[in-house]
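# Summary of the model geometry
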Amino acid sequence: MKITIGHLYPDLLNLYGDRGNIQCLMKRCQWRGIEAETIAYELNDRIDFSALDIVLLGGGSDREQMLVCEKLKEIREDFRSYVEDNGVVIAICGGYQLLGNYYKTEQGTIQGLELVDMYTEQGEGRLISNIILKSDLFDMPVTGFENHGGRTCINENKPLGRVLYGSGNDGKTGYEGVVYKNVIGTYLHGPLLPKNPQLADWLILKALERKYGSGVKLAPLDDSQEKEANDYICRRFLK
Ligand code: GLN
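Residue numbers run consecutively from 1 along every chain, following the written order of its sequence. Only residues with pLDDT of 70 or above have their local features reported here, since the model is predicted, and side-chain atom pairs are shown and tallied only from 80 upward, although totals for entire chains, interfaces and linings are computed over all residues. With hydrogens and water excluded, all non-hydrogen atoms of the structure serve as input to the side-chain values.

Take the site of the ligand next. Near the ligand lie 16 residues; those nearest to it are D62, C93, Q97, G150 and H189. The term polar contact refers here to a pair of N or O atoms within 3.5 Å; inside protein, the definition further demands a hydrogen-donor-capable atom paired with an acceptor-capable atom, and it admits residues adjacent in sequence only when both atoms are side-chain atoms. Interatomic distance of 2.9 Å between a side-chain N/O atom of Q97 and an oxygen atom of the ligand. Here the ligand, which alone exposes 300 Å², has 97% of that area covered by the protein. Helix and strand assignments follow DSSP, with helices taken as H or I runs no shorter than four residues and strands as E runs no shorter than two, numbered in order from the N terminus. Of all the secondary-structure elements, those providing two or more residues to the shell around the ligand are helix 2 (62-84), helix 3 (94-98) and strand 8 (142-153). When residues in the shell around the ligand are grouped by element, the largest group, four residues, is from strand 8. Classes in brief: Ala, Val, Leu, Ile, Met, Phe, Trp, Tyr, Cys and Pro nonpolar; Asp, Glu, Lys and Arg charged; the others, Gly included, polar. Class assignment of the residues belonging to the shell around the ligand gives a composition of three nonpolar, 11 polar and two charged. Working definition: residue near molecule or strand if any one of its non-hydrogen atoms lies within 4 Å of it. Methods summary: accessible areas were calculated by the Shrake-Rupley approach with a probe of 1.4 Å, and residue burial reflects only the protein chains presented.

Here it is as C-alpha cells:
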C-alpha cells in the first residue's frame with residue numbers, strides 16, 4: 001500500500017512548523033510497512049489532486065493568506081471535487097480558515113475555497129493558549145496550542161471537538177475545529193499529529209480506505225510516550 005501526501009504551499013503556509021505533521025504521517029505509515037511520499041507544491045505548480053491521498057494546508061499569517069488567496073481561486077474546483085470524492089484533508093489554523101467562504105480582516109476580506117460552509121471574521125485581540133478538546137472521533141483528548149485573531153463560525157457543520165481548556169473556534173461556543181466528510185480543520189498548531197497519534201491514524205486510515213477499500217486495518221504502534229505526554233497536559237490544565 002502507498003500513500004501520497006500533498007503539502008500545499010509550505011513556503012507560505014508553515015507557521016509553527018506545520019511541516020512536522022507531514023513527518024509524522026510519513027513515519028506512521030513507514031513503521032507499518034506502508035509506502036509514503038510527499039509532494040510539496042509551490043504557488044505556481046499545477047496540482048493533480050487525483051494523485052493525492054492526503055492534503056495538508058498549514059497555518060499562515062494574514063499577509064501570507066492574502067498571497068495564497070488569489071491562487072486558491074484557480075484550484076478551487078479541483079480541490080472541491082477531491083473533497084466531495086472523500087479526499088482526506090488536514091487544514092490547520094490559517095489553512096483551516098481558508099477552507100471556508102471568507103476570512104474578513106481589518107485589511108480586507110480574503111476569499112476562501114468554499115469547500116466547507118463556514119466563515120471567519122477577525123475579532124478583538126488574539127486567542128492564544130494551550131488547548132484541550134474532547135472529540136468523539138478519538139478516545140484520547142486532543143491537545144495543542146492555538147494562536148489566532150480570526151473567529152470561525154462553522155454553521156451547521158460538525159465540530160472536531162468540545163473545548164475542555166482554551167478558546168476554540170470563537171471563544172464562545174465551546175467548540176473547536178470542523179469535520180466535513182474526510183476533511184478536518186482545526187486551530188491546533190505545530191505538532192498536532194505527533195501529539196495526537198489517533199488523529200494522525202484517522203487521516204491515514206481514511207486515506208487507505210478510500211484507496212483500497214473498507215477492509216484495511218492499521219497495525220497498532222507503541223504510542224506509550226505520546227499517551228504519557230497527553231496525560232501530563234491534561235493533568236496540568238484540567239483540574
Ligand atoms: N492569520 C490567521 C489569524 O490570525 C491565522 C493565523 C495562524 O495560522 N496562526 O487568525
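Here the distance between the centres and the angle between the planes together describe a pair of aromatic rings. When two rings of Phe, Tyr or Trp (its six-membered ring) have centres within 6.5 Å they constitute a pair, described as stacked for plane angles under 30 degrees, edge-to-face for angles over 60, and tilted for the intermediate range. Applying the stated rule across the entire model yields six aromatic pairs. Both rings, one in Y96 and one in Y187, keep their centres 5.0 Å apart while their planes meet at 80 degrees; by these two values the pair is edge-to-face. Placement of the pair is Y96 in helix 3 and Y187 in the loop between strand 12 (183-186) and helix 4 (192-195), with a sequence separation of 91 residues. Any residue under 20% of the maximum accessible area for its type is buried, any over 50% is exposed, and the rest in between are partly exposed; the area is computed with a 1.4 Å probe on protein chains only. A relative accessible area of 0% places Y96 in the buried class.

Let us now look at helix 1 (residues 19-30). A helix is expected to reach a length of 1.5 Å times the quantity of its residues less one. Taking 1.5 Å as the rise per residue, helix 1 with 12 residues should run 16 Å; its terminal C-alpha atoms sit 17 Å apart, in good agreement. Along helix 1, the residues that are buried comprise N21, I22, C24, L25, M26, R28 and C29. Residue contacts are counted whenever heavy atoms from the two residues lie within 4.5 Å of one another. Residues of helix 1 that are buried sit in contact with strand 1 (2-8), strand 2 (35-41), strand 3 (54-57), strand 4 (88-92), helix 4 and helix 5 (197-212).

Turning our eyes to something else, we now look at the pairing of strand 6 (residues 108-111). DSSP bridges decide pairing: two strands pair if at least two such bridges lie between them. When strand 5 (residues 102-105) meets strand 6, the two strands line up antiparallel, connected through four bridges. Looking at the pairing, T105 lines up with G108 of strand 6. With antiparallel pairing between neighbouring strands as the criterion, strand 5 and strand 6 make up a hairpin whose turn holds two residues.

The strand order across the open sheet built from six strands is 2-1-3-4-12-11, with neighbouring strands paired in mixed fashion. Of all strands in the sheet, those with a lone pairing partner are strand 2 and strand 11 (178-180), marking the two edges. On average, each strand axis in the sheet is tilted by 15 degrees relative to the strand beside it, whichever way the strands run. Inspection of the sheet shows strand 1 paired to strand 3 by four bridges, in the parallel sense. Paired with H7 across the strands is L56, a residue of strand 3. Helix axes use the C-alpha atoms of the stretch in contact, all axes being lines fitted to C-alpha atoms, and the angles between their N-to-C directions lie in the range 0 to 180 degrees. Contacting strand 1, strand 3, strand 4 and strand 12, helix 5 runs over the sheet at an angle of about 150 degrees to strand 4.

Read these as spatial facts, not as claims about activity.
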